[in-house]
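# Residue-level structural notes
Residue-level listing of the chains:
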Amino acid sequence: MTWTMYQLSKHPDVLAKAREEIESVLGNQLYPQATNLSQLKYIEAILQESLRIFPPVALIDREAIIDHEIHDNQNDTKIFISKGTTVLIPIMVIHRLDKLGWTNPETFDPTRFLNPEEKLYRHPYSYLPFSIGTRNCIGQNFAMEESKIMLSMILQRFNFELVPGQNIVPDLKIALRPKNGLYMYISQR
Ligand code: HEM
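Here is a short report on the structure shown in this document. Predicted model, so just to flag it, every value in this text is computed and none were measured.

Scoring rules and cut-offs
Residues numbered from 1 in each chain as written. Predicted model: local features only at pLDDT ≥ 70, side-chain atom pairs only at ≥ 80, totals over all residues. Heavy atoms only, no water. Near = heavy atom within 4 Å. Polar contact = N/O pair within 3.5 Å; in protein donor to acceptor, adjacent residues only side chain to side chain. Nonpolar A, V, L, I, M, F, W, Y, C, P; charged D, E, K, R; others polar. Donors = N, O, S within 2.8 Å, 3.2 Å for Na, K, Ca; no water. Helix = DSSP H or I, 4+ residues; strand = E, 2+ residues; numbered from the N terminus. Axes fitted to C-alpha atoms, helices over the stretch in contact; angles between N-to-C directions. Contact = heavy atoms within 4.5 Å. Core = buried A, V, L, I, M, F, W, Y, C linked by side-chain atoms within 4.5 Å. Buried < 20%, exposed > 50% of the residue type's maximum accessible area, 1.4 Å probe, protein only.

The next point concerns the site of the ligand. As a matter of local geometry, the ligand sits amid 14 residues, with Arg62, Phe130, Arg135, Cys137 and Ile138 nearest to it. A distance of 2.7 Å separates an oxygen atom of the ligand from a polar atom in the side chain of arginine 62. At 2.7 Å, a side-chain N or O of arginine 135 approaches an oxygen atom of the ligand. Counted by class, the shell around the ligand contains nine nonpolar, three polar and two charged residues.

If you want it as structure tokens, here you go:
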């Protein structure tokens, strides 16, 4: 939520569109209902894009329990991973590789998650904020719904702007946090 609000404070055009969607889906309703959640498509795309640029779990590892040989078709090379080796999966790097199909990967652009065709150009494992496979995040759907509720209620009620002069640096301490904190001026709308 911190990184999402940071991105929104840097992209007023995205923030304005998000508020338009909240206005049209919720109107004067103060609390989103279950039926509203699937209607908050732009809010969902904002959260997905924020999880791409600053994935809270930015690095995971796996230990090989048997020997593996992986064939890299593109480069016609083989990679050997012997039993007991720890393999690091740098999720934050994977999320920013143009060779996996991310165009302008450094740009915060939620619309990339609104166009189903764009997904076809990306590698199937190019987006891993919740990991993938048998040990992926069991809370991912809950986390997305919870974040949608939280973000739409915050945007409905508050204005926020970054306190100027901060040195905002991502720091990987299990979760990806702002090293020096991230401060905002908050006021009621
Ligand atoms: C934005 C929020 C969240 C993110 C980005 C996230 C991400 C992840 C990732 C990447 C993993 C795989 C870790 C690894 O393989 O080393 C994971 C595992 C897990 N997550 Fe989440 N998670 C989130 C929220 C939640 C919530 C809300 C819950 C519970 C309600 C949850 C429960 C779990 C559990 C139990 C595992 C371990 C699953 C297993 O090993 O079989 N997570 N999460």
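Moving on, we come to the coordination of the iron atom of the ligand. Counting protein donors to the iron atom of the ligand gives just one, Cys137 (SG), placed at 2.3 Å. Positionally, cysteine 137 belongs in the loop between α6 (116-120) and α7 (140-157).

Our next topic: the packing of helix α2 (residues 12-26) against helix α4 (residues 41-53). α4 packs onto α2 with a crossing angle of 145 degrees between their chain directions and a minimal axis gap of 8 Å. Where α2 approaches α4, its residues Val14, Lys17, Ala18, Glu21 and Ile22 are matched on the opposing element by Lys41, Tyr42, Ile43 and Ile46. When grouped by side-chain class, the residues that make up the contact of α2 with α4 number six nonpolar, no polar and three charged.

Now for the nonpolar core. Counting 32 residues, the largest nonpolar core has Leu8, Ile43, Ile46, Phe54, Leu151, Leu155 and Phe160 as the members making the most contacts within it. Those elements giving two or more residues to this core turn out to be α1 (2-10), α2, α4, α7 and β5 (158-162). For leucine 8, the residues in contact, after removing those within four places along its chain, are Val14, Leu15, Ile46, Leu151, Leu155 and Phe160. One finds Ile60, Ile94, Leu100 and Leu128 within the second-largest nonpolar core, a separate group that totals five residues.

We now examine unusual backbone geometry. Backbone geometry places aspartate 76, a non-glycine residue, at a positive phi of 50 degrees. For aspartate 76, the position within the fold is in the loop between β2 (68-72) and β3 (77-81). Given a relative accessible area of 58%, aspartate 76 falls into the exposed group. Even without being glycine, serine 131 reaches a positive phi, approximately 65 degrees. If you trace the backbone, serine 131 turns up in the loop between α6 and α7.

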